[in-house]
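# Observations on the three-dimensional arrangement
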Amino acid sequence: MSDKDNSSTAFKTSIGGQALIEGIMMLGPGKRAIVCRGSGEIVEKVEPVIPLKEKSPVLALPLIRGVAAFISSMINGVKALSFSAEQLPEDMQEEPDKIDQWIENHFSDETAQKLIIGIAVVLGIALSLFLFLFLPTFIVGLFPAVKADFYWRTLLEGILKLIIFFFYLILCSKMKDMKRLFSYHGAEHKTIFCYEKGLPLTVENVRPQPRLHPRCGTSFIFVVIIISILAGSFIHVSDTLLRMALKFLILPLIVGVSYELNRWVGRHDNICSKILSWPGKQFQRITTNEPDDDMIECAIRALELVIPEEIGSDAW
């Protein structure tokens, strides 16, 4: 099967998903569903979702909504991964580390879970900042010949970011557990494509769909890196630490702009949107694999659980 999508989908859904450990999470306009088969049997979890704009009108404003959506997806993504890991057979579950054990011994179950998830989110963001913001800036800053030439410095920092991103994805794709997670990622994309085309949600209809989707989180991260490279060209500061600090301060703006660009690309089918989405789709060739039928069944069920009763109310 070719990953190239030659069809033109009239309907684009706002429903999105995330691959989990032996499962899928789907997020709809009013519900979030997790479907796993870690122990062989399908386990379902459905919970209501309050849209960000209903929590506060400010969170629905352009640029701000991108940052809010990113933080929300990080928190809920870690929660979903934790839930999916708990569904594995006991002999396959990892023992909690010393920090988690200490937290579980000193706090109530609810508080301990919030603390563990909070630490995981903070560590995840910290790792991303280190790899894609601080490390490239630090390495390029070691070479005096380019420190004063801000355009060359920005270009080299950008190239280094892309190289780190590429090898990070390659390293993940070589891990056995990640290969299966990436297959669930492929199942998620294929199922959403099938739904957008108005086809019945069956394994037979989902299987031939493309696995590369323009609204994927991988594409979003790639866009963030590209926007950060462009933004870096305006930071005419040679001191490495100060340059890192300024990049950190404008990061919310970069995330907000990237979200709006990804949103626009996902809503349009024209030459411009295809050009802008093409690089991110190529990185998805690393982060998505072809799923088996069991994985597709999980994705179908998760999607069915979040489709709103009012037809079309989930339009992107």
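Under the definition given, this model contains eight aromatic pairs. Taken together through their ring pairs, the aromatic side chains of F132, F165, Y168, F222 and F283 make up a single cluster.

Strands sit in the order 1-2-3-4 across an open sheet of four strands; the sheet is antiparallel. The open sheet is flanked by strand 1 (16-20) and strand 4 (43-48), the only strands paired with a single partner. On average, adjacent strands in this sheet sit at an angle of 15° to one another, irrespective of strand direction. On top of the sheet, helix 7 (residues 176-196) reaches strand 1 and strand 2 (23-27); it is set at about 160° to strand 1, its chief contact. Sitting on the sheet, helix 13 (residues 293-306) touches strand 2, strand 3 (31-36) and strand 4, and the angle it makes with strand 3 is about 160°.

Glancing now at the packing of helix 6 (residues 150-173) against helix 10 (residues 240-249). Across the interface, helix 6 lies against helix 10 with an axial gap of 14 Å and an inter-helix angle of 65°. Between helix 6 and helix 10, the crossing angle belongs to the class labelled roughly perpendicular. Like other packed secondary-structure pairs, helix 6 and helix 10 cross with a definite hand, here right-handed. Only T240, R243 and K247 of helix 10 make contact with helix 6, whose side of the interface consists of F150, R153, T154, E157 and K161. Residues that form the contact of helix 6 with helix 10 fall into these classes: one nonpolar, two polar and five charged.

On to the pattern of salt bridges. All chains considered together, the criterion is met by 14 salt bridges. When the shortest N-O distance is used, the salt bridge between D269 and K12 registers 3.1 Å. Residue D269 is located in the loop between helix 11 (251-267) and helix 12 (271-287), and its partner K12 is located in the segment before strand 1; the two are separated by 257 residues in the primary sequence. E47 is paired through a salt bridge with R32; the nearest N and O atoms lie 3.0 Å apart. In this pair, E47 sits in strand 4 while R32 sits in strand 3, placing the two residues 15 residues apart along the sequence.

A word on the pairing of strand 2. Of all five residues in strand 2, four are buried; the element is thus mostly enclosed. Across five bridges, strand 1 lies against strand 2 in antiparallel orientation. Note on strand 2: the bridge partner recorded for G17 is M26. Between strand 1 and the antiparallel strand that follows it, strand 2, lie two residues; E22 among them carries a positive phi value of about 55°. Hairpin connection from strand 2 to strand 3: three residues lie between these consecutive antiparallel strands.

Reading the values: the criteria
Residues numbered from 1 in each chain as written. Predicted model: local features only at pLDDT ≥ 70, side-chain atom pairs only at ≥ 80, totals over all residues. Heavy atoms only, no water. Phe/Tyr/Trp six-rings, centres within 6.5 Å; stacked < 30°, edge-to-face > 60°. Pairing = 2+ DSSP bridges. Helix = DSSP H or I, 4+ residues; strand = E, 2+ residues; numbered from the N terminus. Axes fitted to C-alpha atoms, helices over the stretch in contact; angles between N-to-C directions. Contact = heavy atoms within 4.5 Å. Parallel < 35°, antiparallel > 145°, perpendicular 65-115°, else oblique. Left-handed = near helix turned anticlockwise from the far one by under 90°. Nonpolar A, V, L, I, M, F, W, Y, C, P; charged D, E, K, R; others polar. Salt bridge = Lys/Arg side-chain N within 4 Å of Asp/Glu carboxyl O. Buried < 20%, exposed > 50% of the residue type's maximum accessible area, 1.4 Å probe, protein only.

Geometric descriptors of this kind do not, in isolation, establish any biological role.
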